[in-house]
Amino acid sequence: MFAQIARAFASKARHTGPAQDRWTGIASFAFVREFLSYFRAMGYPLLRVGDYPRVDTFMAAMSRLEETDLLDPARLEAAILECEAFYEFLTRLFDQISKRDELAGVPFDRKDAARALRLYLGERS
């Protein structure tokens, strides 16, 4: 689930151009702060050092997004790249976990996952 959120953040960030001034920048990049808040609540537990080898780089990229009121395009690009790498990691991890014996015959609830993703993206069911 969080893999899809990381991918959605990276996609939105890639398709949102940098704003020209401070006031426009804050409004147009509100989704960055929303992602960081959601990440702290839901994504951070997925970054256990033993599981994700890029934990320090990912955390540094996320922290640099919070360090200023203005959104630096280079910082945003670093965060995008880290989210894309985290997405790939989480997708592989999901595939590996899905193959565990205790999950044999237990289907992934795609409808519930899609509903949760829509909530994150601010869409109505």
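These numbers come from a predicted model, not from an experiment. (Residues numbered from 1 in each chain as written. Predicted model: local features only at pLDDT ≥ 70, side-chain atom pairs only at ≥ 80, totals over all residues. Heavy atoms only, no water.)

Caption draft 1: Looking closely at the overall build of the chain. Helix and strand content of the chain: six helices and zero strands. Overall, the chain shows an N-to-C arrangement of helices and strands of α-α-α-α-α-α. Counting the 125 residues in the chain, one finds 27% classified as buried. A sequence separation of at least 24 residues applies to 66% of the contacts in the chain between residues at least 6 apart. (Helix = DSSP H or I, 4+ residues; strand = E, 2+ residues; numbered from the N terminus. Buried < 20%, exposed > 50% of the residue type's maximum accessible area, 1.4 Å probe, protein only. Contact = heavy atoms within 4.5 Å.)

Caption draft 2: Broad picture of the pattern of salt bridges. This structure, assessed with the given rule, holds four salt bridges. Between Glu77 and Arg14 there is a salt bridge; the shortest N-O distance is 3.2 Å. Pair noted here: Glu77 is in helix H5 (residues 73-98) and Arg14 is in helix H1 (residues 2-14), with a separation of 63 residues, a long-range link. For Glu77, a relative accessible area of 31% corresponds to the partly exposed category. The salt bridge involving Asp112 is made with Arg115; its shortest N-O contact spans 3.5 Å. Here the residue Asp112 and the residue Arg115 both occupy positions in helix H6 (residues 110-121), the gap between them amounting to three residues, near one helical turn. Among the residues examined, Asp112 registers a relative accessible area of 40% and is labelled partly exposed. Overall, the relative accessible area of 38% leaves Arg115 in the partly exposed class. What you see here is one network of salt bridges that share partners, running through Arg14, Glu77 and Glu84. (Salt bridge = Lys/Arg side-chain N within 4 Å of Asp/Glu carboxyl O.)

Caption draft 3: Structural view of the layout of surface pockets. When its volume is computed, the largest pocket comes out at roughly 660 Å³. Taken together, 23 residues line the largest pocket, and the ones lying closest to its centre are Met1, Phe2, Ala3, Phe94 and Phe108. Counting residues per element, the ones that place at least two in the lining of the largest pocket are H1, helix H3 (30-43), H5 and H6. Sort the elements by how many residues they give to the lining of the largest pocket and H5 lands first, with seven residues. Split into classes, the residues belonging to the lining of the largest pocket amount to 19 nonpolar, three polar and one charged. (1 Å grid on protein atoms, 1.4 Å probe; cavity = no way out; pocket = protein on both sides within 12 Å on 5 of 7 lines; lining within 4 Å. Points joined across faces, edges and corners; volume = space filled by probe spheres on them. Nonpolar A, V, L, I, M, F, W, Y, C, P; charged D, E, K, R; others polar.)

Caption draft 4: Representation of the confidence of the model for the chain in the model. Summarising the model, the chain shows a mean pLDDT of 77, and 79% of its residues fall at 70 or more. Here helix H2 (residues 22-28) stands out as the least confident element of the chain, with mean pLDDT 46; H5 is the most confident, with 89. Segment residues 20-27 is flagged for pLDDT under 50; beyond a separation of four residues in sequence, or across chains, it makes five contacts in the model. (pLDDT = per-residue confidence, 0-100.)

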